[in-house]
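Residue-level structural notes
This is what each chain is made of:
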Amino acid sequence: MIGPPNGSVRPPGPTGLRRFTTPRPPREERCELCGAPLAAEQRHPHLVDTDRRALVCACGPCAQLMDRSAASPGRFRAVPGRFLSDPDHRIDDRAWESLRIPVSVAFFFHNSTLDRPVVLYPSPAGATESEPDEEAWRSFLDATRLAALLDPDVEALLLRRHQGRTECFLVPIDLCYELVGRMRLHWQGFDGGAKARAALDALFAHVRGLAREPQGSRP
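Residues numbered from 1 in each chain as written. Predicted model: local features only at pLDDT ≥ 70, side-chain atom pairs only at ≥ 80, totals over all residues. Heavy atoms only, no water.

Turning next to helix α4 (residues 134-141). Within α4 the residues assigned to the buried category are A136, W137 and F140. Burial along α4 is one-sided: seen end-on, the buried residues are contained in an arc of 100°. Among the exposed residues of α4, those oriented more than 90 degrees off its buried face are E134 and E135. Its buried side turned inward, α4 meets α3 (93-98), β5 (105-111), β6 (116-123) and β8 (155-162). (Buried < 20%, exposed > 50% of the residue type's maximum accessible area, 1.4 Å probe, protein only. Helix = DSSP H or I, 4+ residues; strand = E, 2+ residues; numbered from the N terminus. Arc of directions from axis to C-beta. Contact = heavy atoms within 4.5 Å.)

So, in structure tokens, the structure goes:
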């Protein structure tokens, strides 16, 4: 019988149904480009794969090497880390309803492959796309100065309709998909439930703490 190396004794593991009910240790995150382990205690870089329209976890060296915005053109773009706010935006109830968003939060970004804006909102199934008409897009984009500052593919406008007003922020695109994941994890019932709302409140409190108004004069 072949046992563990060095004659050590392997501790007994869960048996029977306990194998399916015992929590598993978290899986170690690795760079999706080179396989290097990513430090669990630090927020690792993300790249946008513009060909696949997907986020890629990366280590620092791979993020720097593959980022096409810093070197030659390619399929990967590094997600930046800036947070901006626009307290003077003009996104009113009419502009919001024209986007055809059935929930209180949404985000949009410019997809360079499709060469058009894309608006998404969280749902129990994940990120769901809305398709407003061109006139609605124009009026919405004209209502906030942040729209002209967006870096395609890697930044998004994050909006929340809450307590009689709409908040508007420019954020890294990976934060928006983090929001979608949190909402999907906690979603209950028709409107998301108390846990989903608490997760939403926590994320927007985090964004408010980081966001600054853009430099320059107001339009």
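Having seen the structure, we can now continue with the description.
Right, let's get into the pattern of salt bridges. Inspection of the entire model under this criterion finds 14 salt bridges. E213 is the salt-bridge partner of R145, the closest N and O atoms lying 3.0 Å from each other. In this pair, R145 sits in the loop between α4 and β8 while E213 sits in the segment after α6 (193-210), placing the two residues 68 residues apart along the sequence. Relative accessible area serves as the criterion here: at 36%, E213 is assigned to the partly exposed category. The salt bridge involving R208 is made with E167; its shortest N-O contact spans 2.6 Å. Placement of the pair is R208 in helix α6 and E167 in strand β9 (residues 165-172), with a sequence separation of 41 residues. (Salt bridge = Lys/Arg side-chain N within 4 Å of Asp/Glu carboxyl O.)

Bringing the side chain of D49 into the picture now. Looking at the secondary structure, you find D49 in strand β1 (residues 46-49). In terms of polar contacts, D49 uses its side chain to reach the backbone amide nitrogen of D51, at 3.1 Å. Apart from residues lying up to four places away in sequence, D49 is in contact with A54, V56, R75 and F76. (Polar contact = N/O pair within 3.5 Å; in protein donor to acceptor, adjacent residues only side chain to side chain.)

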